[in-house]
Amino acid sequence: MKPPRTSPNFTFSRRRLKYAMIAIISVAVIGLLVWLQNRNLRHSTFFTGYLLMGSILFLTAFNLRKKIPVLPAFGSATMWMQLHIYVGLSTFAVFGFHIAWRIPNGMFEGLLAFLYLAVALSGVYGLYATRIMPRRLAALKEEVIYERIPALQRQLATSAKRLVLEACESTDVLARFYVNKLATFFERPRSLAYMINPSGRRRKQLLDEITDLNRYLGEQQRPVGAQLSEMVQQKDDLDYHRVVQGRLKLWLFVHIGMTYSLLIISIIHGIMAHAFAGGLR
């Protein structure tokens, strides 16, 4: 008798629960060690500092792991991603232990705290974005490579203009509608408001206006209106792809760039801490 198969979602949930429990237990152990060191009048800042530095180095190594996918001996990309998430979340507690849960004083310490919080919070945003945004993109009709979007938008604008010009031989209604309503939509970038909060409001408005326009078109021009409706939807999908994929690329660029900045400043901070503690000669 064959054993029952375990579903992938159940296996993933169990693995995620395991990593979460390990992270919680690890933070509790670290907190206990910090409390014992402080109780024995020993400074715990070096202990938490080394932990924080090690965590940052490990998190930075994830970017290298993604660039070198053929590393089976070091675990799968999925395992690295889960470790990256839970180690990153654990650093919030380690950082709090390191600064004794107070606001850092001094320009250098303030800069270091700002860099850490910027990296950590951008990581939390990335965790949300990489879970939600791909699902939204998958709900669209087609998948599009980000670098091809500008060329596809230009092709679509050219096709829409050619379609309307060919229809002008029998009526100028479509030409006037294109100039007044569609030219800006097809040929210019979307507004700043759309970049901040992309929505289908403009798309719906144009589709409704094209539907109303059909009353003034003959039998020969109505298929042109239907084609324009399809092109409006394609252009709106391309705009949505550009905004959402652009956010993901911008987030990754900022997150990785600030991570390396944090790593450099942390090394300088560690050297200075040892020097002032008399550890360097």
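Shown above is the structure to which this text applies.
Reading guide: rules and limits
Sequence order as written defines residue numbering, which begins from 1 separately in each chain. Only residues with pLDDT of 70 or above have their local features reported here, since the model is predicted, and side-chain atom pairs are shown and tallied only from 80 upward, although totals for entire chains, interfaces and linings are computed over all residues. Here the side-chain values reflect all heavy atoms present in the structure, with hydrogen atoms and water set aside. Counting from the N terminus, the helices are DSSP H or I runs at least four residues long and the strands are E runs at least two residues long. Relative accessible area decides the class of each residue, using a 1.4 Å probe on protein chains only: under 20% of the type maximum gives buried, over 50% gives exposed, and in between gives partly exposed. Note on contacts: a residue pair is in contact if any heavy atoms of the two residues lie within 4.5 Å. Areas reported here follow the Shrake-Rupley algorithm with a probe of radius 1.4 Å; residue values treat only the protein chains shown as occluding. Among buried residues, the Ala, Val, Leu, Ile, Met, Phe, Trp, Tyr and Cys ones that are joined through side-chain atoms within 4.5 Å form a nonpolar core. Only the stretch in contact is used when fitting a helix axis, every axis being a line fitted to C-alpha atoms; angles between N-to-C directions are given from 0 to 180 degrees. Under this scheme an angle from 65 to 115 degrees is roughly perpendicular, one under 35 degrees roughly parallel, and one over 145 degrees roughly antiparallel; angles in between are oblique. In this scheme the handedness of a crossing depends on how the near helix is turned from the far one: anticlockwise by less than a right angle means left-handed, clockwise means right-handed. Side-chain classes follow a simple rule in which Ala, Val, Leu, Ile, Met, Phe, Trp, Tyr, Cys and Pro form the nonpolar group, Asp, Glu, Lys and Arg form the charged group, and the remainder, Gly included, forms the polar group.

A. Inspection of the overall build of the protein chain at higher detail. What the protein chain contains, in helices and strands, is nine helices and zero strands. For the protein chain, the N- to C-terminal ordering of α and β elements is α-α-α-α-α-α-α-α-α. A burial count over the protein chain gives 36% of its 281 residues as buried. Here the analysis covers contacts within the protein chain between residues at least 6 apart in sequence; of these, 78% occur between residues at least 24 apart. If you sum the accessible surface of the protein chain, you get close to 18400 Å²; carbon and sulfur atoms cover 65% of it.

B. Seen up close, the environment of Ala273. The topology assignment puts Ala273 in helix α9 (residues 222–276). Ala273 sits 228 residues away from Thr45 along the chain, and the two C-alpha atoms are 9.5 Å apart.

C. Focus on the side chain of Gln153. On the secondary structure map, Gln153 appears in helix α5 (residues 149–167). Ignoring any residue separated from it by four or fewer positions in sequence, one finds Gln153 in contact with Phe186, Lys235, Leu238, Asp239 and Arg242.

D. Focus on the environment of Leu238. Counting through the fold element by element, Leu238 comes out in helix α9. Judged by its relative accessible area of 9%, Leu238 is buried. When the C-alpha positions of Leu238 and Leu156 are compared, they lie 10.0 Å apart, and in sequence the two are 82 residues distant.

E. Examining the nonpolar core more closely. Counting 27 residues, the largest nonpolar core has Leu174, Tyr178, Leu182, Phe186, Leu228 and Val232 as the members making the most contacts within it. Among the elements that line this core, the one with the most residues is helix α6 (residues 173–187), at nine residues. In this structure Val232 touches Leu182, Phe185, Phe186, Arg203, Leu206, Leu207 and Ile210, once residues within four positions along its chain are discounted.

F. Summary view of the packing of helix α4 (residues 107–138) against α9. Between α4 and α9, the least distance of the axes is 8 Å, while the angle of their chain directions is 155 degrees. As summarised for this structure, α4 and α9 are arranged roughly antiparallel, according to the angle between their axes. Taken as a pair, α4 and α9 cross one another with a handedness that is left-handed. Residue composition of the contact of α4 with α9, by class: 20 nonpolar, 11 polar and two charged.

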